[in-house]
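Survey of secondary and tertiary structure
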Amino acid sequence: MATARPVRGTHDLFGETIRRHRHVIETGRAASALYGYEEIATPVFEFTDVFLRTLGDTSDVVTKEMYTFEDRGGESLTLRPENTAGVARAAISNGLLQSLPLKFFYAGPMFRYERPQKGRMRQFHQIGIELIGAPEPQGDVEVIAAGAMILERLGVAEHVTLELNTLGDPASRQAYREELVRYLEGYRDRLSEDSLARLGRNPMRILDSKDEGDRKVVEGAPRLEESLNEASRDFFKAVREGLDELGLAYRLNPRLVRGLDYYTHTAFEFTTDQLGAQGAVIAGGRYDGLVEEIGGPSTPGVGWAAGVERLALLAGREEARVRPVAIVPIGPAAEQAARLLAAELRAAGIAVELAFKGKPGQRMKRADRAAARFALSLGDDELASGVVKLRDLDSGEEQVLPRTELVRRLAG
RNA sequence: GCGGGCGUAGCUCAGUUGGUUAGAGCGCCAGGUUGUGGCCCUGGAGGCCGCCGGUUCAAGUCCGGUCGCUCGCCCCA
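What counts, and where the lines are drawn
- Residues numbered from 1 in each chain as written.
- Chains lettered and ligands numbered in written order.
- Predicted model: local features only at pLDDT ≥ 70, side-chain atom pairs only at ≥ 80, totals over all residues.
- Heavy atoms only, no water.
- Near = heavy atom within 4 Å.
- Polar contact = N/O pair within 3.5 Å; in protein donor to acceptor, adjacent residues only side chain to side chain.
- Helix = DSSP H or I, 4+ residues; strand = E, 2+ residues; numbered from the N terminus.
- Pairing = 2+ DSSP bridges.
- Axes fitted to C-alpha atoms, helices over the stretch in contact; angles between N-to-C directions.
- Contact = heavy atoms within 4.5 Å.
- Parallel < 35°, antiparallel > 145°, perpendicular 65-115°, else oblique.
- Nonpolar A, V, L, I, M, F, W, Y, C, P; charged D, E, K, R; others polar.
- Phe/Tyr/Trp six-rings, centres within 6.5 Å; stacked < 30°, edge-to-face > 60°.
- Buried < 20%, exposed > 50% of the residue type's maximum accessible area, 1.4 Å probe, protein only.
- Lys NZ or Arg CZ within 6 Å of the ring centre and 35° of its normal.

1. Considerations on the protein's contact with RNA strand B
Around RNA strand B there are 50 residues in total, and Arg8, Arg115, Arg205, Ala280 and Ser377 lie nearest to it. When the atoms of RNA strand B within 4 Å of the protein are sorted by group, sugar and phosphate make up 55%. Separating a base oxygen of RNA strand B from a side-chain N or O atom of Asp381 is a distance of 3.3 Å. Within the side chain of Lys389, an N or O atom sits 3.2 Å from a base nitrogen of RNA strand B. For the surface near RNA strand B, the secondary structure elements donating two or more residues are β6 (123-132), α7 (193-201), β10 (280-286), β11 (301-307), α14 (360-369), α15 (380-385) and β15 (387-392). Sort the elements by how many residues they give to the surface near RNA strand B and α14 lands first, with 7 residues.

Put into structure tokens, the structure is as follows:
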């Protein structure tokens, strides 16, 4: 039955899983709204060029992880591997850059062709926020604070550490990159195979290597900090002071670098040690060159993306589902009355579970499995006197109520 | 893309040195109880033992391959 299985790296979400998933998204949406971020939904596919230009043609995401295809009109399209480029593109397309800053929240599926692992899927979900058009370091601080609030509200803050670094402005970053490569070239024979490959492509990644030999070499490497020009230093200082002001604790991590090319200045990650190898739950930074790269006016930006699956895994707890009221008709005469009662209660905003068939005992069992809060039974006696029997399924207590009082009783 | 572990019922797992009709618990369905759930008792449904090939009188069990899951590397959310 090869066709009845999901594609590798994809998952069906239902039951408890999707309840947790939704809880993460709703928590993110609510917290972002408190900071004035409005939701945006961009298409799940874009012209391939949007990602090629922004992610850097040497990043792994672009070189081997994109789902790229040609549509019937011959256009090269790509399923979005992340949403920042799409949001920036949308801001340009819709002329939104006239009025800055823009604050956006998004949630949705992303696609990367990777080897699946815990917390790493081929179709996965992210929430994220983007602050476009704010060059001030206070923008970085706000974005980080909003992320921290979400983690707080999800109850995972104590398992998560904020790591912080700066990549400096493009000039500083470029200068450092050259200096680093010059140093590493001298140790070619001591670097791991992986790192040799990174040397030409993304040398700063080597700082982050887990290989023992690489780490020894890296210990003596020039430090990014020393390549920062004054403007970059001042910017980072202001970000740190802003975080201190809000009491947001962080750990400076000079090895924290970014896989995607558009990042400048602040880079940050909220990481956990509870998810195995995939420890980053929120990651982001400043991307001052991005909008211009896609053909817009030079416009700064800062934002982050969070992995919904990872946060759901970390938050772990059971998400309550809606507890309906179950209606149990007894005898053929009550069937129609039950349907009408169900319609009336639902119209009043009360969730109702009404089975299509079954003896009273079976329907009670079904009510129990639907996690119903109350069971309403009505048979010939109740019909005759215009009442229903209300049973509290948690306590087992029963009372008889006039039908006319039901909505008030259940809504309260 | 590279390495390790694992594939038996919807789920969690037994299955002896290869040996008859492949088991348990949970879950599901029905009955015990024709106006009442949870607990209990009884019965039932549900398996290409991941797939293909090989060894053998005989394979869930051994061997090879393959696919999938999983953990790590890589990458990243």
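2. Digging into the sheet that holds strand β13 (residues 352-354)
Spatially, β13-β12-β14-β15-β16 is the arrangement adopted by the 5 strands of the open sheet, whose pairing is mixed. Strands at the two margins of the open sheet, each flanked by one partner only, are β13 and β16 (398-402). Shown here is a sheet whose adjacent strand axes are inclined to one another by a mean of 30°, direction ignored. One ladder, built from 5 bridges, connects β15 with β16; its direction is antiparallel. By the bridge assignment for β16, Val388 is matched with Leu401. Across the sheet, helix α13 (residues 333-347) touches β12 (325-329), β13, β14 (374-378) and β15, and the angle it forms with β13 is around 160°. Lying on the sheet, α14 is in contact with β12, β13, β14 and β15; it crosses β12 at an angle near 175°.

3. Describing the packing of helix α1 (residues 15-34) against helix α12 (residues 308-315)
Where α1 meets α12, the closest approach of the two axes is 9 Å, and the angle between their N-to-C directions is 110°. Here α1 lies roughly perpendicular to α12, going by the angle between them. Judged by residue contacts, Arg20, His21, Val24 and Ile25 of α1 engage Val308, Glu309, Leu311 and Ala312 from α12. Taken together, the residues that form the contact of α1 with α12 break down as 5 nonpolar, 1 polar and 2 charged.

4. Focus: the packing of aromatic side chains
Going through the model one piece at a time under the given rule, you end up with 3 aromatic pairs. For the pair Phe45 and Phe69, a centre-to-centre distance of 6.4 Å together with 80° between the ring planes defines the contact as edge-to-face. With Phe45 in strand β2 (residues 45-47) and Phe69 in strand β3 (residues 67-70), the pair connects residues that are 24 residues apart, well separated along the chain. Here Phe69 falls in the partly exposed class, since its relative accessible area comes to 34%. With a centroid separation of 4.9 Å and 45° between ring planes, the pair formed by Tyr183 and Tyr187 is classed as tilted. According to the relative accessible area criterion, Tyr183 is buried, its value standing at 18%. The aromatic ring of Tyr113 is capped on one face by Arg122, whose charged end is 3.9 Å from the ring centroid. The lysine or arginine in question, Arg373, covers the ring of Phe374, its NZ or CZ lying 4.7 Å from the ring centre.

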